[in-house]
Amino acid sequence: MARASRRFVCQSCGSVSPRWLGQCPDCGAWNSFVPEAPAGIPRRRPAPGGQPAAFVPLAVPVALPERLATGIAEFDRALGGGLVPGSATLIGGDPGIGKSTLLLQAAGRMARAGRAVAYVSGEEAADQVRLRARRLGLGDVSLALAAATSVSDILAALGSRPRPDLLVIDSIQTMASDLVEGAPGTVGQVRAAAHELITYAKAAGAALLLVGHVTKDGQIAGPRVLEHMVDAVLYFEGDRALSYRVLRAVKNRFGGTDEIGVFTMATDGLVEVPNPSSLFLTARDRPVPGAIVFPALEGTRPLLVEIQALTVRLASGATPRRAVVGWDPGRLAMVLAVLEARAGLALGAHEVYLNVAGGLRIAEPAADLAVAAAIVSALADAPVEPGTVAFGEIALSGEIRPAPQPELRLKEAAKLGFAHALAPPGTKGALEIRPCAGVATLVDRLGARRALSRRGPEG
Ligand code: TYD
Ligand code: MG
């Protein structure tokens, strides 16, 4: 047997090192290594000679997993149709974003629908949870509530009760397992506690919802180490200064990962937003330069967002800044380079700021054309004609390429009162299309050519 010795575990990614390191070589986090006892998840002693594993045929009819509706349609949508019994789902997100609120609302609704629900809070006392439930209008529901942090205590209590359909653990960072040493929240503890709870849920056929806090400082184990242990990972995102929240699946063994659920945080809890497009649009009386609406697609759901750009001319010699909120900085650099090389825009002496309004994050290359339009409009100081949307992918050659699902995007834009779309040639749909074959055409269509040439060769 190997001598048990100390080892150091990165609290950000779970990487193990025999020595303390200042920076993690795997994830790059600083000061993230803490000493932990080497005992990990206990293993069974292998049988002498090994037990033959069962190989079975693949082509056997199987039933689709049964789904438990949470009663919150936006949550069910992000889950790919509801919770799967015997599965583990991790809900990650910054502290204060609304994870406890969401899970208590889901637990309450399921309990109301006659499901057996066990809700364990390791962060709040029972009375705090009761008060929150009252505020959410769920003060009268019948669910089993425990304020506990010891996994063995929790499992012992669950063993003596009827099996729950839903087990909520808020949060996994507060849970303590007897199987390993170390303080709750360390990677070893988080992993061992999750392993015990997942094993229980699988055996009992309960749907397990784990809350995981994401922190940047590496003191509390990020839920990233759990991502491979659970069946589904959902992130609850949003700007805490703004009221809306997006629930986004990043892993789902039972469904797609591109669906999102949208909520707003109200005084009486999270309210579903079945039609979120109007949420991200800025209402204004007069059009402003540098703003255009992009019909985005999140999974099967179209979502209208405003893209905003600002360009600032610098004195010669200074290095211009490029800052992006809500989009990929690398993609912005590419769009700027293409605008310079293929449309003759001189952006080298300009700072460029790009913002996706409302704090939403966009990952689609289909946003390229809207981004380019916002930049051209900002640079020319000429507002885009009201009622315009833009979408299409920009190639390095400057050509505009089709984006997936144009009809869906255009239908949504038409529904919200938009009249025309800057889009790749050949696009058909509910709006008047103003085709843009390349970025040079885009500049002409925006009526920016004169304004840009008036400003001289430096733009
Ligand atoms: P919470 O669910 O406690 O966040 P998390 O579990 O992710 O840490 O919710 C945090 C915030 O939500 C808190 O600042 C208060 C606010 N909130 C409301 O605005 N309305 C409500 O009805 C509730 C319960 C919370
Ligand atoms: Mg909480």
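Residues numbered from 1 in each chain as written. Chains lettered and ligands numbered in written order. Predicted model: local features only at pLDDT ≥ 70, side-chain atom pairs only at ≥ 80, totals over all residues. Heavy atoms only, no water.

Caption draft 1: Local environment of the site of ligand 1. Gly 96, Lys 99, Ser 100, Thr 101 and Gly 269 are the nearest of the 16 residues found near ligand 1. Within the side chain of Arg 132, one N or O atom sits 3.1 Å away from an oxygen atom of ligand 1. At a separation of 3.0 Å, an oxygen atom of ligand 1 approaches a polar backbone atom of Thr 267. A total of 550 Å² of accessible area belongs to ligand 1 in isolation, and the protein chains cover 74% of it. It is helix α2 (residues 99-112) that provides the largest number of residues to the shell around ligand 1, a total of three residues. Residues belonging to the shell around ligand 1 are distributed by class as follows: five nonpolar, six polar and five charged. (Near = heavy atom within 4 Å. Polar contact = N/O pair within 3.5 Å; in protein donor to acceptor, adjacent residues only side chain to side chain. Areas by Shrake-Rupley, 256 points an atom, 1.4 Å probe, with all protein chains shown as cover. Helix = DSSP H or I, 4+ residues; strand = E, 2+ residues; numbered from the N terminus. Nonpolar A, V, L, I, M, F, W, Y, C, P; charged D, E, K, R; others polar.)

Caption draft 2: Region of the structure containing the pairing of strand β9 (residues 232-237). Burial analysis of β9 places five of its six residues in the buried class, the great majority of the element. Sheet analysis places strand β4 (residues 88-93) next to β9, joined by four bridges and oriented parallel. Looking at β9, one finds that Gly 92 is bridged to Tyr 235. As judged from the six bridges shared by β9 and strand β10 (residues 244-252), these two strands associate in the antiparallel manner. Along β10, the bridge assignment pairs Glu 237 with Val 246. (Buried < 20%, exposed > 50% of the residue type's maximum accessible area, 1.4 Å probe, protein only. Pairing = 2+ DSSP bridges.)

Caption draft 3: Main features of the pattern of salt bridges. On inspection of all chains with the given rule, the structure shows 19 salt bridges. Taking the shortest distance from any N to any O, the salt bridge between Arg 253 and Asp 231 comes out at 2.9 Å. Placement of Arg 253 in the loop between β10 and β11 (260-266) and of Asp 231 in the loop between β8 (207-213) and β9 is noted, with a sequence separation of 22 residues between them. Asp 368 serves as the salt-bridge partner of Arg 331, at 2.7 Å between the closest nitrogen and oxygen. Placement of Arg 331 in helix α6 (residues 329-343) and of Asp 368 in helix α7 (residues 368-380) is noted, with a sequence separation of 37 residues between them. One network of salt bridges, with partners in common, ties together Glu 237, Arg 248, Glu 298 and Arg 361. (Salt bridge = Lys/Arg side-chain N within 4 Å of Asp/Glu carboxyl O.)

Caption draft 4: Here's a closer look at the sheet that holds strand β2 (residues 16-17). Read from one edge to the other, the open sheet built from three strands follows the order β2-β1-β3, with strand pairing classed as antiparallel. At either margin of the open sheet sits one strand with a lone partner, and together these are β2 and β3 (33-36).

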